[in-house]
Structure formats: structure tokens, C-alpha cells
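Single-letter residue listing:
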Amino acid sequence: MKNKYRLTFIVLLVFKVQSSTAATLAYKGTIALSNKPKECVVYKEGDKCYANAIIKWKASETGSFCLSRAPGDVKLACWNNANEGGFSEKLVMDGPVEYYLTPTDSSEKLLKETLNLSWVHKKSNRPEHTWRIF
């Protein structure tokens, strides 16, 4: 009896993975997603970065899509019967931000782009305000 449930679970899991992969593959060659800038640079590790992010997408066929941002899974904008779109926002970030495009009727991520955060100097373990004689 245990094997019967295990087999049913495996079949359902394989079906879910195949249907998800098929939907993603159907869109992969027809949609492009881009973001500017690709990277936000701060002087010291741990500082917040201020960026003007511009995200654009273009598809060879019209469709209904939504643009979202992670962390937080924030839905930024949606388009119906469109083959291109754009969005811009001012960000204050302390880690990488991921933008992704989904169909309006699903939460499946079709494409994603990441706005990375990097720094010039690594954070020091020494306190900022220390007294030194020499």
C-alpha cells in the first residue's frame, strides 16, 4: 500500500515538473527581459545603494504579463495584449534585487534579471570611532 502512494506522488510530481517546464520553454525563445543598471556599487560593504532601475521586456507575440520584484514578491506592473513594456523605479537596496516576468494568470517565473550589489571596500571589523594616539 505504501508503494502505491509513493508511485502516485512521483507521477504527480513528474507531471507538475513537466507542465511547468513546458510552459517556460514555450516562452523562453520569444521574450527578452533586460535591466539597467546591471550592478549597483557602494563604497563600503554594508552601505545602502541608491539606484534608478529601468526594466524593459519585449516579446515576438502579444500576451498578458506582469513584472514583479523580489525580495518581497512585489507586483510592479501588468500589461494585457502587449508585446513590449517598461518600468522604472528608484531603489534603496542593501542586497541583490531580482526582477521577473510572469503570465497574468500564473505565478510561474518566465524570465528573470538580477540587479546585483557590490562594494569597493570590504567591511572592517574595527569600530568606526576608535581613539588612537599614534
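For the structure itself, look to the data block above.
Visitor: Even after reading the chapter, I still don't get the pairing of strand β1 (residues 31–36), so can you show me in this structure?
Guide: Side-chain direction in a regular strand flips from residue to residue, so the side chains alternate between the two faces of the sheet. Every second residue of β1 is oriented toward a common face, the buried set being I31, L33 and N35 and the non-buried set A32, S34 and K36. Where β1 meets strand β3 (residues 49–70), six bridges bridge the pair, whose relative direction is antiparallel. Looking across to β3, one finds that L33 is bridged to W57.

Visitor: Help me understand the state of the cysteines in this model?
Guide: Chemically, a disulfide is nothing more than a covalent bond linking the sulfur atoms of two cysteines. Enumeration over the complete set of coordinates arrives at two disulfides. Each sulfur of the disulfide joining C40 and C49 lies 1.6 Å from the other. Between C40 and C49, the S-S torsion sits near -80°, and that sign places the bridge as left-handed. Each member of the pair C40 and C49 is classed as buried. Between the sulfur atoms of C66 and its disulfide mate C78 the distance is 1.9 Å. Where C66 bonds to C78 through sulfur, the torsion about that S-S bond is close to 105°, and the disulfide is right-handed. Here C66, found in strand β3, pairs with C78, found in strand β4 (residues 74–93); they are twelve residues apart in sequence, far enough to count as distant. By relative accessible area, C66 is classed as buried at 2%.

Visitor: So what exactly am I meant to see when it comes to the pattern of salt bridges here?
Guide: Proximity of charged atoms lets side chains of opposite charge pair with each other. A full pass over the atoms with the stated rule returns five salt bridges. The residue R69 makes a salt bridge to E89 at a minimum N-O spacing of 3.0 Å. Here R69 is found in strand β3, whereas its partner E89 is found in strand β4, with 20 residues between them in sequence. The same class applies to R69 and to E89, which are both buried.

Visitor: What should I look at first to understand the environment of I31 in this one?
Guide: The topology assignment puts I31 in strand β1. As for I31 and L110, which are separated by 79 residues in sequence, their C-alpha atoms are 8.6 Å apart. When neighbours within four sequence positions are excluded, I31 is seen to be in contact with K58, A59, F65, L101, L110 and L111.

Visitor: So what exactly am I meant to see when it comes to the nonpolar core here?
Guide: Across soluble globular proteins, nonpolar side chains have a tendency to be buried as a group. One finds I31, W57, L67, L91, M93, Y99 and L115 to be the most contacted residues of the largest nonpolar core, which totals 25 residues. Those elements that place two or more of their residues in this core are β1, β2 (39–44), β3, β4, β5 (97–103) and β6 (111–121). Sorting elements by how many residues they give to this core places β3 first, with eight residues.

Visitor: Explanation requested: the packing of aromatic side chains in the structure shown.
Guide: For any two aromatic rings, the description comes down to two numbers: the centre-to-centre distance and the angle of the planes. The full count for this structure, using the stated rule, is two aromatic pairs. Taken together, a centroid distance of 5.1 Å and an interplanar angle of 65° make the contact between W57 and F65 edge-to-face. As far as the burial class goes, W57 and F65 line up, both buried. Ring plane angle 65° and centroid distance 5.5 Å describe the contact between W57 and W79, whose orientation is recorded as edge-to-face.

The rules behind the values
- Residues numbered from 1 in each chain as written.
- Predicted model: local features only at pLDDT ≥ 70, side-chain atom pairs only at ≥ 80, totals over all residues.
- Heavy atoms only, no water.
- Buried < 20%, exposed > 50% of the residue type's maximum accessible area, 1.4 Å probe, protein only.
- Helix = DSSP H or I, 4+ residues; strand = E, 2+ residues; numbered from the N terminus.
- Pairing = 2+ DSSP bridges.
- Disulfide = S-S within 2.5 Å.
- Salt bridge = Lys/Arg side-chain N within 4 Å of Asp/Glu carboxyl O.
- Contact = heavy atoms within 4.5 Å.
- Core = buried A, V, L, I, M, F, W, Y, C linked by side-chain atoms within 4.5 Å.
- Phe/Tyr/Trp six-rings, centres within 6.5 Å; stacked < 30°, edge-to-face > 60°.

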